[in-house]
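Structural overview
Each chain, letter by letter, is given below.
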Amino acid sequence: MKNNAARFSLALALGVFAATSASAGDIALVATGAITHGGDDWQVARTGAGVPVLIHGGGRAAIGAGVLWQSDQYPLATSLLANYHVDQSAGVNGDAKFRRMPLDAMVYYTGMQALRVGVGLSYAIAPTVDVTVDHTAQTIKFDNATGKAFEVGYQVSPSLWANLRLVSTKYTPKQSGNAAAADVSHLAVNLSYVFK
């Protein structure tokens, strides 16, 4: 049921993008880079002695690329981005790496000078934690997940945007075990370069 809702949400976002792109406007390639932070300590495993293995779920860096459409007639823009989000040192009580590939679909209101406000969906593909427990490497996989996103951006130059984004996503482990589901919200500061 959750996967169907996620697929429907992403299909709806893609449909909105396709419909708006068919009308008058400019389509451009965009590249992004972000520093992210947030998320409470999240238990992903337990040692043989019963000590929880924790990670921070909201960090640390993301890069992405996609397309941005800006309407010629209305103060409206939409974007679709594919990203790679990773924290190489996510572990609190041990070595851990947290990685996922979010697909972001955003709709922006652009009617303010040098500012834009956006809402959208973030669909995280293959969330995975690589962790060392009792000197043994483990890979813990989580279900794909849909999250909500809110963004405020400032236009630094005609091609460069500085953005502050809040994303809330809940991850559920694929298999029952020592990993628990967690709501991993994070804040991102990113730069978006639009190739015009």
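Anyway, here's the lowdown on the structure attached to this text. Note that the coordinates shown come from a computational prediction; the quantities given were computed from them, not determined experimentally.

Moving on: the environment of Gln73. Structurally, Gln73 can be placed in the loop between β4 (60-71) and β5 (76-87). Distance in space between the C-alpha atoms of Gln73 and Gly25 is 7.6 Å, their sequence separation being 48 residues.

So, on to the pattern of salt bridges. Applying the stated criterion to the full structure yields six salt bridges. Among the salt bridges present, the one from Asp130 reaches Arg99, with a minimum N-O distance of 2.9 Å. A residue pair is termed long-range when its members are at least 10 positions apart, and Asp130 in strand β7 (residues 115-133) and Arg99 in strand β6 (residues 96-112) qualify at 31 residues. With a closest N to O distance of 4.0 Å, Asp143 and Lys174 form a salt bridge. On the criterion of sequence distance, the pair formed by Asp143 in the loop between β8 (136-141) and β9 (145-157) and Lys174 in the loop between β10 (160-171) and β11 (182-195) is long-range, its members being 31 residues apart. Take Lys174: its relative accessible area is 51%, and that puts it in the exposed class. What emerges from the salt-bridge pattern is a single network uniting Asp104, Arg116, Glu151 and Arg165.

What follows concerns the packing of aromatic side chains. Summed over all chains, the structure comprises five aromatic pairs. Pairing Trp42 with Phe142 gives two aromatic rings, centres 5.0 Å apart and planes at 50°, and the pair type is tilted. Placement of Trp42 in strand β2 (residues 41-46) and of Phe142 in the loop between β8 and β9 is noted, with a sequence separation of 100 residues between them. Judged by its relative accessible area of 4%, Trp42 is buried. Judged by centre distance (4.9 Å) and plane angle (70°), the rings of Tyr193 and Phe195 are edge-to-face. Taking relative accessible area as the criterion, Phe195 reaches 47% and is therefore assigned partly exposed. Every member of this aromatic cluster is reached through a ring pair, and the members are Trp42, Phe98, Phe142 and Tyr171. The ring of Tyr108 is capped by Arg116, whose NZ or CZ atom sits 4.2 Å from the centre of that ring.

Here we come to the environment of Leu166. Its place among the elements puts Leu166 in strand β10. Along the primary structure Leu166 and Val189 are separated by 23 residues, whereas in three dimensions their C-alpha atoms are 9.1 Å apart. Those residues in contact with Leu166, other than ones at most four positions away along the chain, are Lys148, Ala149, Phe150, His186 and Leu187.

Calculation notes
Residues numbered from 1 in each chain as written. Predicted model: local features only at pLDDT ≥ 70, side-chain atom pairs only at ≥ 80, totals over all residues. Heavy atoms only, no water. Helix = DSSP H or I, 4+ residues; strand = E, 2+ residues; numbered from the N terminus. Salt bridge = Lys/Arg side-chain N within 4 Å of Asp/Glu carboxyl O. Buried < 20%, exposed > 50% of the residue type's maximum accessible area, 1.4 Å probe, protein only. Phe/Tyr/Trp six-rings, centres within 6.5 Å; stacked < 30°, edge-to-face > 60°. Lys NZ or Arg CZ within 6 Å of the ring centre and 35° of its normal. Contact = heavy atoms within 4.5 Å.

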